[in-house]
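Chain by chain, the residues:
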Amino acid sequence: MSQLFTFSESDQCPDKCYDKGSFVKVKDIENQEVIDQKNVIHKINFGQDTDEHGTEKAFNKQQDLVMQGNPYSDTKIDDTDIIALSGIGPNVSKHSIKRYTLRNWRKHNEKMLDSSVISDSHILNYHGQTTINAAFGNMDQAQLKNTNLLKNNAKGLYKWKVEVELACNAIAKEVKLLEMEKQRVRDACRALLLPEAISKECSELRSSRAETELVADLAEQELEKEMELISEVREFFRSALDKIDEQLSIDKAAKHRIEYEWCDKTTAYANEANNLSLSINSNTIMFKHGAVKFGHATAPLSYWEYFCRNNIINVEAVRQTSEDLRSTVNGLLVNNGKNLRNQADRTDKAFAETIALTSELVTKLEEHVRYVLQSLAEVELLIKHLQDCILKSDRAMKLAQTRLDNRNTGRPHGENVRDKPHIGLLNEVKVIHGTAASLLAQLKNAEKTRKNLMAKRLELEKEIAAKRKSLSIDRERCGLIRSYYPTASELSGL
């Protein structure tokens, strides 16, 4: 077994390294920086005439500060005293440009961020605004109070105006409803013809489906219920109404009284709205002599409220009497219209569920057909491949038999022996024969499977055609017909 990796016998790494490491270079730089600091301190703090003892002390002090940390860091060395005495900054390192210490830089930034002037301006602004608000506070408060009183009064007038208007509209609507009641009954009877024809047409169309699709599904059941309900509603529309003319005269008199009240409320509300729109900047305001008094023939507030409420109650009583007169037929029309529309909605929902279920089945059948076609294509490819393999096995058999025949007839006398090549050729013929038999069996099974797949494909396509026909009837034909189904208001005669 050969080795996966090989290494050279001699070591390629040198025994000694003559290059300086990074830590040695840094140490040399530190020593040089200490020497530079010593020279600067000696020249600046003590000058040329300073004794040797003082120079040594200053150097030792600066060296202690340097040795406490990184000589290139600004956080350990403070050169403020040196700068103050000499006006010269610290020595410039070749790794950075340093003119000032970090403490000087921070003091400069604090000076730039001083906000005392801004605070004074804020205080002055506050005191000035407070003085202005106090000067006009009382006057604005009185004016705002009276404006709010006018607004509340306008809201009250608007509330009564709305209630009177609602009562007026209600009695006017009641008069129209009484005149239209008989006509509504006739219109409702005529409206029943359309849903009856729609239900019958849908039943006839669904009877033309394929034989396998003639089932009593949910849509068929709802159609039968719809036809029964239409027959029942037709019987309810055979009643008539009495005493409509007498009630109409009473309703019209009440309508005249409430309309006169509504005109008064509208005029009063417009006056209050005009007062609310006025301000001290309006162009129409002026001094009005003699206006500071109550108006002529003013009534107490309690009487005014009683009068408004009493008129509305009287009109409502007349309207309620008229409503009771027509409530039976009106309720019958509305309820029957709602019942017919609800039943139509249930029938449409049943059609939608049936269509969705059938569409899902069609989708699954089409997908199954695609699987069958894919399997059929694979089987056909397999058949072709098996046929090619059988042909190849035939050629292999020919080769083996030709070799055996040559060895049997071509070797003379004692050379015709049962050696290993001869035995191998015999075994080869046996293997080829078995392989050919297996391929033929597989070919037979593949052809049988292809036949079954083709039959399954034909069956699935017929079923898809039947389902699509049912979909066409339910979705397109019945759906189009049922789209003309009348609404609940039309069925109630409106």
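Our subject is the structure listed above.
The structure displayed is predicted, hence computed values, not measured ones. (Residues numbered from 1 in each chain as written. Predicted model: local features only at pLDDT ≥ 70, side-chain atom pairs only at ≥ 80, totals over all residues. Heavy atoms only, no water.)

Draft legend 1. Here's a closer look at the overall build of the protein. Along the backbone of the protein there are eleven helices and zero strands. In the protein, the succession of α and β elements from N to C terminus is α-α-α-α-α-α-α-α-α-α-α. A buried classification covers 27% of the 494 residues belonging to the protein. If you take every contact in the protein between residues at least 6 apart in sequence, the share linking residues at least 24 apart comes to 82%. Total accessible area computed for the protein in this model is approximately 35,500 Å², and 56% of it derives from carbon and sulfur atoms. (Helix = DSSP H or I, 4+ residues; strand = E, 2+ residues; numbered from the N terminus. Buried < 20%, exposed > 50% of the residue type's maximum accessible area, 1.4 Å probe, protein only. Contact = heavy atoms within 4.5 Å. Areas by Shrake-Rupley, 256 points an atom, 1.4 Å probe, with all protein chains shown as cover.)

Draft legend 2. Structural context of a nonpolar patch on the surface. A contiguous nonpolar patch, built from Leu194, Leu480 and Tyr484 and spanning about 330 Å² of accessible area, is present on the exposed surface. By the secondary structure assignment, Leu480 is in helix H10 (residues 420-482). (Patch = residues over 30% accessible without salt bridge, like charges linked within 9 Å, V, L, I, M, F, W, Y side chains within 5 Å. Salt bridge = Lys/Arg side-chain N within 4 Å of Asp/Glu carboxyl O.)

Draft legend 3. Representation of the packing of helix H6 (residues 193-206) against helix H7 (residues 218-236) in the model. Where H6 contacts H7, the two axes come as close as 10 Å, and the packing angle between them is 155 degrees. As judged from the angle between their axes, H6 and H7 are roughly antiparallel. The element H6 and its partner H7 pack so that their crossing is left-handed. Residues Leu193, Pro195, Glu196, Ser199, Lys200, Cys202, Ser203 and Arg206 of H6 form the contact with H7, whose participating residues are Ala219, Glu220, Leu223, Glu226, Met227, Ile230 and Arg234. A class-by-class count of the residues in the contact of H6 with H7 yields seven nonpolar, two polar and six charged. (Axes fitted to C-alpha atoms, helices over the stretch in contact; angles between N-to-C directions. Parallel < 35°, antiparallel > 145°, perpendicular 65-115°, else oblique. Left-handed = near helix turned anticlockwise from the far one by under 90°. Nonpolar A, V, L, I, M, F, W, Y, C, P; charged D, E, K, R; others polar.)

Draft legend 4. Structural detail: the nonpolar core. In this structure, Leu192, Val233, Phe237, Leu333, Leu340, Cys478 and Tyr485 are the most contacted members of the largest nonpolar core, which totals 27 residues. Breaking this core down by element, the ones donating at least two residues are helix H5 (116-191), H6, H7, helix H8 (244-277), helix H9 (301-410) and H10. Broken down by element, this core gets its largest block of residues, six residues, from H9. Excluding anything up to four places from it in sequence, Leu340 contacts Leu192, Leu229, Ile230, Val233, Tyr485 and Leu491. Counting residues in each nonpolar core, the second largest holds 17 residues, with Ile355, Val362, Leu365 and Ile390 among its members. (Core = buried A, V, L, I, M, F, W, Y, C linked by side-chain atoms within 4.5 Å.)

Draft legend 5. Inspection of the environment of Ala154 at higher detail. If you trace the backbone, Ala154 turns up in helix H5. Since its relative accessible area comes to 7%, Ala154 is described here as buried. Distance in space between the C-alpha atoms of Ala154 and Glu272 is 5.8 Å, their sequence separation being 118 residues. When neighbours within four sequence positions are excluded, Ala154 is seen to be in contact with Tyr269, Glu272 and Leu276.

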